[in-house]
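Overview (structure and organization)
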Amino acid sequence: MPPSPLLPWPKALMRPLKRLIIGGLACLLAVLSLPASQARANHKAELTISGLIDPPNPRVLSIADLEALGLSKTVTSTPWHDGQHAFEGVSLQTLLTYVGAHGKTIIATALNDFRTEIPLADASKWPVIIAYKDNGTPMSIRDKGPFFVVYPFDLYKGLWQEAIFNRSIWQLKSLEIR
């Protein structure tokens, strides 16, 4: 029987091949083991608010700016998570008061330019928050961050409907008051 052209491999080729495979696997494992909060560590989390606000200049707020407005927390389940989550952020009502909002509708825009309309009245009707933490961890883009509009679905069962789900925009980048 003639020898196989593939076997045996010369020892001189096996060592570099093993190193290449082991090195590649080590790099892959290192990337996959990064916590989600580090997946986009360079992303600058800012929320822009514009439109019918006083003064009328657009405001660009960091997480530190939002934290200075006071912390709001809601523990709720959502259609996009398993079980209940403890979301922390700023109350939408507090934020709208801070910027002097005086319209009827909020146009919320995500990082991927998805848009949805949120009635301004929702902020006074329910304790809606702009969350930036989920179970105590800053929200990465991969985990619906850096900002996520969260309604208290478990507190008010009537919120568990498609129209409200559509207002719960994640990866939020801006709010325009109209």
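Here, the structure is the one placed above.
Cut-offs used in this document
Residues numbered from 1 in each chain as written. Predicted model: local features only at pLDDT ≥ 70, side-chain atom pairs only at ≥ 80, totals over all residues. Heavy atoms only, no water. Buried < 20%, exposed > 50% of the residue type's maximum accessible area, 1.4 Å probe, protein only. Helix = DSSP H or I, 4+ residues; strand = E, 2+ residues; numbered from the N terminus. Pairing = 2+ DSSP bridges. Salt bridge = Lys/Arg side-chain N within 4 Å of Asp/Glu carboxyl O. Contact = heavy atoms within 4.5 Å.

Here strand β2 (residues 59-62) shows one buried face, formed by Arg-59 and Leu-61, and one open face, formed by Val-60 and Ser-62. The pairing of strand β1 (residues 46-51) with β2 spans four bridges and is classified as antiparallel. Across the sheet, the residue bridging to Glu-46 is Ser-62, located in β2.

What follows covers the pattern of salt bridges. The full count for this structure, using the stated rule, is three salt bridges. The shortest N-O distance in the salt bridge between Arg-167 and Asp-122 comes to 2.7 Å. Taken together, the positions of Arg-167 in helix α5 (residues 162-167) and Asp-122 in helix α4 (residues 122-125) put the pair 45 residues apart, joining distant regions of the chain. Asp-122 shares its class with Arg-167; the two are buried. The salt bridge involving Arg-178 is made with Glu-176; its shortest N-O contact spans 3.3 Å. Residue classification places Arg-178 among the partly exposed positions, given a relative accessible area of 46%.

Moving on, we get to the environment of Trp-170. Mapping Trp-170 onto the fold places it in the loop between α5 and β10 (172-177). Sequence separation of Trp-170 and Phe-114 is 56 residues, and the distance between their C-alpha atoms is 9.5 Å. Beyond its immediate chain neighbours, meaning those up to four positions away, Trp-170 contacts Trp-80, Ala-110, Lys-144, Phe-147 and Phe-148.

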